[in-house]
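# Structural overview for review
Here's the letter readout for the chains.
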Amino acid sequence: LGEMDAVYSELCDKYWHGVKIRTVAKNSEAECQGLRVGDSVVEIDGIPIDERLELQVALAVRYYTPSEKESVFVVLRNGRRVSVHMRAKHLGIGY
């Protein structure tokens, strides 16, 4: 039973935070870089994302930054963390 408790704890840590992507615009940066409906954004450039407001602020800061630097988005997909490099200016997701 101890091993099952560890697995349950790990799953809770993975699934009970982040912001779920509900839409991905056709031909957007997000679609081109492989983001999918159902992915949960859990981190951007090392900053944890636990709720919509945090995601909105992180995206706004990157959108209004004059550089075209790519950001590292970490999403949860099927229980695995996936890193995606893309520019926030032309993201094209709904959450």
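Residues numbered from 1 in each chain as written. Predicted model: local features only at pLDDT ≥ 70, side-chain atom pairs only at ≥ 80, totals over all residues. Heavy atoms only, no water.

### Quick word on the pairing of strand 5 (residues 71-77)
Filter applied, for reference: Accessibility here uses a 1.4 Å probe with only protein chains present; expressed as a share of the type maximum, an area under 20% marks a residue as buried, one over 50% as exposed, and anything in between as partly exposed. Helix and strand definitions follow DSSP, with helices as H or I runs of at least four residues and strands as E runs of at least two, each counted in order from the N terminus. Strands were regarded as paired on the criterion that DSSP finds at least two bridges between them.
Burial of strand 5 is extensive: six of the seven residues sit out of reach of the surface. Across four bridges, the pairing between strand 3 (residues 40-44) and strand 5 is antiparallel. Counterpart to Glu 43 in the pairing with strand 5 is Val 74. Where strand 5 meets strand 6 (residues 80-86), seven bridges bridge the pair, whose relative direction is antiparallel.

### Considering the pattern of salt bridges
Filter applied, for reference: Any Lys or Arg side-chain nitrogen found within 4 Å of a carboxyl oxygen on Asp or Glu counts as a salt bridge.
Per the stated rule, a full pass over the model turns up four salt bridges. Here Arg 77 and Asp 39 are joined by a salt bridge, their closest N and O atoms 2.7 Å apart. Of this pair, Arg 77 sits in strand 5 while Asp 39 is found in the loop between helix 2 (29-32) and strand 3, placing the two residues 38 residues apart along the sequence. Arg 77 gets classed as buried once you look at its relative accessible area, which sits at 14%. Its salt-bridge partner being Asp 45, residue Arg 62 comes within 2.9 Å of it at the nearest N-O pair. Note that Arg 62 is positioned in helix 3 (residues 52-63) and Asp 45 in the loop between strand 3 and strand 4 (47-48), a separation of 17 residues in sequence. On the accessibility criterion, Arg 62 (16% relative accessible area) is buried.

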